[in-house]
Amino acid sequence: QVQLVESGGGLVQAGGSLRLSCAASGIIGRINTMGWFRQAPGKEREFVGAVSRSGGSTVYADSVKGRFTITRDNARVMMYLQMNNLKPEDTAIYYCAAAASIAHMTTIPPRTNAWGQGTQVTVSS
């Protein structure tokens, strides 16, 4: 079993930045990919982005490409989501997830092995 815990959410003005963190623990030997999803009120869960085990491959949703960056620190089993130039439409609960591959992250429904509890990001205008 893998456990994931997000942190770093908060309230920020449009144009500002936040960095979210995801800490993983437990049995993670076969989980190669870590990524982020988000869910806004009244909307379905949305894929944000993911990073491969090595950190050499990343995939982002078009809505965040160029503004958000995902990195990972394998030694610390941590993943980060750097969010710049935030917009009010970025307001959502952000969830950390783990899966065997990026393809597993982007299928509908996603074939994930673990979810975090979520952290709220609110962007005011």
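On a predicted model such as this, the values are computed, not experimentally measured, just so you know.

K.L.:
Break down the overall build of the protein for me, with residues and values.
P.N.:
Counting its regular elements, the protein contains 1 helix and 11 strands. In sequence order, the protein lays out its α and β elements as β-β-β-β-β-β-β-β-β-α-β-β. Here the C-alpha radius of gyration of the protein, 13 Å, is about what a compact globule of 125 residues would show, namely 14 Å. Across the 125 residues that make up the protein, the buried fraction comes to 43%. The contacts of the protein with a sequence gap of at least 6 include a subset with a gap of at least 24, amounting to 57%. In the form shown here, the protein has an accessible surface area of approximately 6,500 Å², with 50% of it arising from carbon and sulfur atoms. Side-chain charges of the protein comprise 12 positive and 7 negative groups, with the mean position of each set lying 7 Å from the other.

K.L.:
Pulling in residues and values, what's your account of the environment of Ala103?
P.N.:
Tracing the backbone shows Ala103 in helix α1 (residues 102-106). Spatially, the C-alpha atom of Ala103 lies 23 Å from that of Lys43, the residues being 60 residues apart in sequence.

K.L.:
Tell me what's going on with the nonpolar core, and back it up with residues and numbers.
P.N.:
In this structure, Leu4, Trp36, Phe68, Met79, Leu81, Met83 and Tyr94 are the most contacted members of the largest nonpolar core, which totals 29 residues. Counting residues per element, the ones that place at least two in this core are β1 (2-7), β3 (18-26), β4 (33-39), β5 (46-51), β7 (68-73), β8 (78-83), β9 (92-99) and β11 (119-124). For Leu4, the residues in contact, after removing those within four places along its chain, are Cys22, Ala23, Ala24, Met34, Cys96, Ala97, Ala98, Ala114, Trp115, Gly116 and Gln117. With 7 residues, the next largest nonpolar core counts Phe37, Ala97, Ile102 and Met105 among its residues.

K.L.:
Any details on the packing of aromatic side chains? Residues and values, ideally.
P.N.:
This structure, assessed with the given rule, holds 3 aromatic pairs. On the basis of an interplanar angle of 70° and a centroid distance of 5.5 Å, the ring pair of Phe37 and Phe47 is categorised as edge-to-face. Separated by 10 residues along the polypeptide, Phe37 in strand β4 and Phe47 in strand β5 bring together distant segments of the chain. As far as burial versus exposure is concerned, Phe37 and Phe47 are alike and both buried. In textbook terms, an aromatic cluster arises when at least three aromatic residues are bridged by ring pairs, as seen for Phe37, Phe47, Tyr95 and Trp115. The ring of Trp115 carries Arg45 above its face, with NZ or CZ at 4.1 Å from the centroid.

K.L.:
Quick one: what's the story with the layout of surface pockets, residue by residue and with numbers?
P.N.:
Size it by volume and the largest pocket reaches roughly 240 Å³. In terms of lining residues, the largest pocket is bounded by Phe37, Glu44, Arg45, Glu46, Phe47, Met105, Thr106, Thr107, Ile108, Pro109 and Pro110. Of all the elements in the fold, those that place two or more residues in the lining of the largest pocket are β5 and α1.

Cut-offs and rules
Residues numbered from 1 in each chain as written. Predicted model: local features only at pLDDT ≥ 70, side-chain atom pairs only at ≥ 80, totals over all residues. Heavy atoms only, no water. Helix = DSSP H or I, 4+ residues; strand = E, 2+ residues; numbered from the N terminus. Rg over C-alpha atoms; globule rule 2.2 N^0.38 Å. Buried < 20%, exposed > 50% of the residue type's maximum accessible area, 1.4 Å probe, protein only. Contact = heavy atoms within 4.5 Å. Areas by Shrake-Rupley, 256 points an atom, 1.4 Å probe, with all protein chains shown as cover. Lys, Arg positive; Asp, Glu negative; His and termini not counted. Charge placed at Lys NZ, Arg CZ, Asp CG, Glu CD. Core = buried A, V, L, I, M, F, W, Y, C linked by side-chain atoms within 4.5 Å. Phe/Tyr/Trp six-rings, centres within 6.5 Å; stacked < 30°, edge-to-face > 60°. Lys NZ or Arg CZ within 6 Å of the ring centre and 35° of its normal. 1 Å grid on protein atoms, 1.4 Å probe; cavity = no way out; pocket = protein on both sides within 12 Å on 5 of 7 lines; lining within 4 Å. Points joined across faces, edges and corners; volume = space filled by probe spheres on them.

Worth remembering: the numbers are spatial, not functional.
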